[in-house]
Amino acid sequence: MIKKLKMGFLALALAGVAAISPASADLSDVLEAGTVKIAIPENFPPFGSLGAEGEYVGYDVDVAKLIAEDLGVELELVPVTSKQRIPFLETDRVDLVISSMGANPTRAKSIWFSSAYAPFFSGAFSTSEMAITSLADLAGKKVGVTGGTLEDLELTEKGPEGIEIIRFGDNAANLSAYLSKQVDVLVTGNTVAAKLSSDNPGLDIETKFIIKESPAFIGIKKGQIDLLQWVNVFILHKKLGGQLNELSEKWLGQELPPLPSL
């Protein structure tokens, strides 16, 4: 009788685990559904932003379109902020995250990463007259950064004593703070600073130093091994075929440099 009760409790426990386990859509599920949901940057040009005609445009958007085309499925773009990227993937709101996301050990605890698909570096940018050549020179300075980004993590971990890190909810607010001189130094990606400069002719801004080389990777939910392998083949195919180089020249103004593979 006791053995039967134990078996009954075990069955109920296993049933409970099965009931609360989240669905894990893999490559076959995406193909069967006929739609791939891809997170792209909500406001992070030139990787992703709302274009003049009301549709999202950018490097990441074009990569998402190529993926849907090669999969032979419909594309559903899901604009996200930096902080939403991993949660949206973990809760099955998207199948992939293509949102200029750098890979690091902390993020790798939560999701898987593909091989790199785009170049990117983080840097400190300020006026030509400001004498800044390293992180140590940021002491006593007001430094603007978008919260939750790789730049935020680097500054939090390695910033000197006396640095005043001011975090903003998105890139637009961070850039606005630099333009209005709320901060002394802008810490962001090279492409973001370049776009700010091109949009504001005559703006005094230059690269002071590179904080971190951080190529962009595609995020995939843990356990989706078939989807991960397909994405890596896709990236290799587009590198060899020249399509990623074309996108790099179109959106980033540079040839595609060598990118790391995982």
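Note that the structure is predicted; figures quoted are calculated from it, not measured. Each chain has its residues counted from 1, running along the sequence as written. Only residues with pLDDT of 70 or above have their local features reported here, since the model is predicted, and side-chain atom pairs are shown and tallied only from 80 upward, although totals for entire chains, interfaces and linings are computed over all residues. Calculated side-chain values reflect all of the structure's heavy atoms, with hydrogen atoms and water omitted.

Our next topic: the nonpolar core. In this structure, Tyr59, Val63, Ile67, Leu96, Tyr117 and Ile218 are the most contacted members of the largest nonpolar core, which totals 59 residues. Examining the composition of this core, we find that eight residues originate from one element, helix α3 (residues 59-71), more than from any other. Contacts are residue-level and defined by heavy atoms, with any inter-residue pair within 4.5 Å sufficient. Apart from residues no more than four positions distant in its own chain, Tyr59 is found in contact with Pro46, Phe47, Tyr117, Ala118, Pro119, Leu244, Leu247, Ser248, Trp251, Leu252 and Leu256. Each nonpolar core is a collection of buried residues, namely Ala, Val, Leu, Ile, Met, Phe, Trp, Tyr and Cys, held together in the definition by side-chain atoms within 4.5 Å. Using a 1.4 Å probe on the protein chains alone, a residue whose accessible area is under 20% of its type maximum counts as buried, one over 50% counts as exposed, and one in between counts as partly exposed. Counting eleven residues, the second-largest nonpolar core is a separate cluster that includes Ala124, Leu138, Phe209 and Ile211. Each helix corresponds to a stretch of at least 4 residues labelled H or I by DSSP, and each strand to a stretch of at least 2 residues labelled E; elements are numbered beginning at the N terminus.

So, on to the confidence of the model for the protein chain. Residue-level confidence of the predictor is what pLDDT reports, using numbers from 0 through 100. Confidence in the prediction of the protein chain, expressed as mean pLDDT, is 89, and 90% of residues score 70 or more. Contacts of residues 1-24 to residues separated by more than four positions or lying in other chains number eight contacts, the stretch itself having pLDDT below 50.

With that settled, consider the layout of surface pockets. The gaps of empty space that remain are located by a probe, the size of a water molecule, rolled over the atoms. Only protein atoms enter the 1 Å grid used here, on which a cavity is any set of points holding a 1.4 Å probe that cannot leave and a pocket is any open set flanked by protein within 12 Å on both sides along at least five of seven lines; residues with an atom within 4 Å of a point are listed as lining. Grid points are joined across faces, edges and corners, and a volume is the space filled by probe spheres set on the points. Counted as a void, the largest pocket has a volume near 310 Å³. Along the walls of the largest pocket sit 25 residues, with Phe44, Ser82, Arg85, Thr149 and Asn171 positioned nearest its centre. Residue assignment for the lining of the largest pocket shows that the elements contributing at least two residues are β5 (96-101), α6 (150-158) and β10 (185-189). The residue classification treats Ala, Val, Leu, Ile, Met, Phe, Trp, Tyr, Cys and Pro as nonpolar and Asp, Glu, Lys and Arg as charged. All others, Gly included, are polar. Each residue belonging to the lining of the largest pocket can be placed in one class, and the counts come to seven nonpolar, 13 polar and five charged.

Think of two packed helices as two axes; the pair is described by the angle between the axes and how far apart they sit. Angular values range over 0 to 180 degrees, each being the angle between N-to-C directions of two axes fitted as lines to C-alpha atoms, with helices fitted over their stretch in contact. The N-to-C vectors of α3 and helix α9 (residues 225-241) enclose an angle of 110°; their axes lie 11 Å apart at closest approach. By the criterion of interaxial angle, the relationship of α3 to α9 is roughly perpendicular. Crossing of α3 against α9: the hand is right-handed. Counting all contacts with α3, which are made through Val63, Leu66, Ile67, Asp70 and Leu71, the residues of α9 involved are Trp230, Phe234, His237 and Lys238. Angle categories are assigned with fixed cut-offs, so that under 35 degrees is roughly parallel, over 145 is roughly antiparallel, 65 to 115 is roughly perpendicular, and the rest are oblique. By definition, any crossing whose near helix is turned counterclockwise from its far helix by less than a right angle is left-handed, and any crossing with a clockwise turn is right-handed.

As a further point, take the pairing of strand β9 (residues 164-168). Both strand β8 (residues 142-146) and β9 contribute to a ladder of five bridges, which runs parallel. Looking across to β9, one finds that Gly144 is bridged to Ile166. You can see the chain leave β8, run along α6 and come back into β9, and the turn it takes is right-handed. Two strands form a pair only when DSSP identifies at least two bridges running between them. With its strands directed away from the observer, a crossover is right-handed exactly when the path from the first strand over the helix to the second travels clockwise.

Strand-to-strand pairing in sheets goes through backbone hydrogen bonds, with the strands running parallel or antiparallel. One open sheet accounts for five strands, arranged β9-β8-β10-β7-β11; its pairing is mixed. Of all the strands in the sheet, the pair left with one neighbour each is β9 and β11 (206-213). Averaged over all pairs of adjacent strands, the angle between their axes in this sheet comes to 25°, without regard to strand direction. Pairing analysis gives two bridges linking β8 to β10, with the strands arranged parallel. Bridging from a neighbouring strand, Gly144 pairs with Leu186 of β10. Running at roughly 150° to β10, helix α7 (residues 171-179) makes contact with β7 (121-126), β8, β9 and β10 of the sheet.

Turning our attention to the pattern of salt bridges. A pairing counts as a salt bridge when a side-chain nitrogen of Lys or Arg comes within 4 Å of a carboxyl oxygen of Asp or Glu. Under the definition given, this model contains seven salt bridges. With its nearest N and O atoms 2.8 Å apart, the salt bridge here joins Arg167 to Asp152. In this pair, Arg167 sits in strand β9 while Asp152 sits in helix α6, placing the two residues 15 residues apart along the sequence. Arg167 sits in the partly exposed class, given a relative accessible area of 43%. Judged by relative accessible area, which is 8%, Asp152 ranks as buried.

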